[in-house]
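This is what each chain is made of:
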Amino acid sequence: MMLNNLREATRKLHEELEKENLAGQIISHKISLEVYKLLLLQNYIAYKITEAEILKFIPSYKSDKSDQLAKDLENLNVDTSISEEFQDKFSINSHEEALGAAYVVLGSALGGMYISKEIPNCPELTEISKPHFFNGDRDGVKSWNKFVKELKAEDFTETQIAVASKKAQETFEFFGLVFRQTSVIPQNS
């Protein structure tokens, strides 16, 4: 029941965010190196902040998306200090809220697998080193499957489900905020 509510509560926001996301340019093979850097930076900011918040309430949470993004950005000499400007724009205050945010973050692994397969087909990205974030490995999918199994095994009250669903929506909105407010291509530091 929790999973269905999360999916239904975020469907429209998910679709809207996909339209804003620069990853579509990887799928179309039209992404430039500078836009790729921006895509990584945007995701770094969003994941770094959400993952840190989730860990406060789910100590067993396993995701290294922000670490992978940091490595990619370092390899491309991109300054990540802008992430500090978003620190106070997202917070989690309960276990249920952490579940809602984790649903969004872990669920993104499925799209990341698809996107990773298209990077070698992008002419402007042929010179980059093997990506850490869009790496195509199945660890993210395994984490997602484990999360889904845990959600299905637990009984939640309607209030808990509502709190988790609201935070999942807010997580998508936070990602959208980051994407919109960082829509300038970063310069090498």
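Here's what I pulled together on the structure shown here. Fair warning: this is a prediction, and the values are worked out from it, not measured in the lab.

### Concerning the packing of aromatic side chains
On inspection of all chains with the given rule, the structure shows seven aromatic pairs. Here Tyr47 and Phe133 contribute two aromatic rings whose centre-to-centre distance is 5.6 Å and whose plane-to-plane angle is 55 degrees, an arrangement assigned as tilted. Taken as a pair, Tyr47 in helix α3 (residues 33-57) and Phe133 in the loop between α5 (95-118) and α6 (139-153) lie far apart in primary sequence, 86 residues in all. Per residue, the accessibility class of Tyr47 equals that of Phe133, and both read buried. With a centroid separation of 6.3 Å and an interplanar angle of 80 degrees, the aromatic rings of Phe175 and Phe179 are classed as edge-to-face. Within this pair, Phe175 and its partner Phe179 are both found in helix α7 (residues 158-181), separated by four residues, close to a single helical turn. Phe175 sits in the buried class, given a relative accessible area of 5%. Of note, Lys89 hangs over the ring of Phe86, and the distance from its end group to the ring centre comes to 5.2 Å. Looking at Lys167, its charged tip hangs above the ring of Phe90, at a distance of 5.1 Å from the centre.

Conventions used here
Residues numbered from 1 in each chain as written. Predicted model: local features only at pLDDT ≥ 70, side-chain atom pairs only at ≥ 80, totals over all residues. Heavy atoms only, no water. Phe/Tyr/Trp six-rings, centres within 6.5 Å; stacked < 30°, edge-to-face > 60°. Helix = DSSP H or I, 4+ residues; strand = E, 2+ residues; numbered from the N terminus. Buried < 20%, exposed > 50% of the residue type's maximum accessible area, 1.4 Å probe, protein only. Lys NZ or Arg CZ within 6 Å of the ring centre and 35° of its normal.

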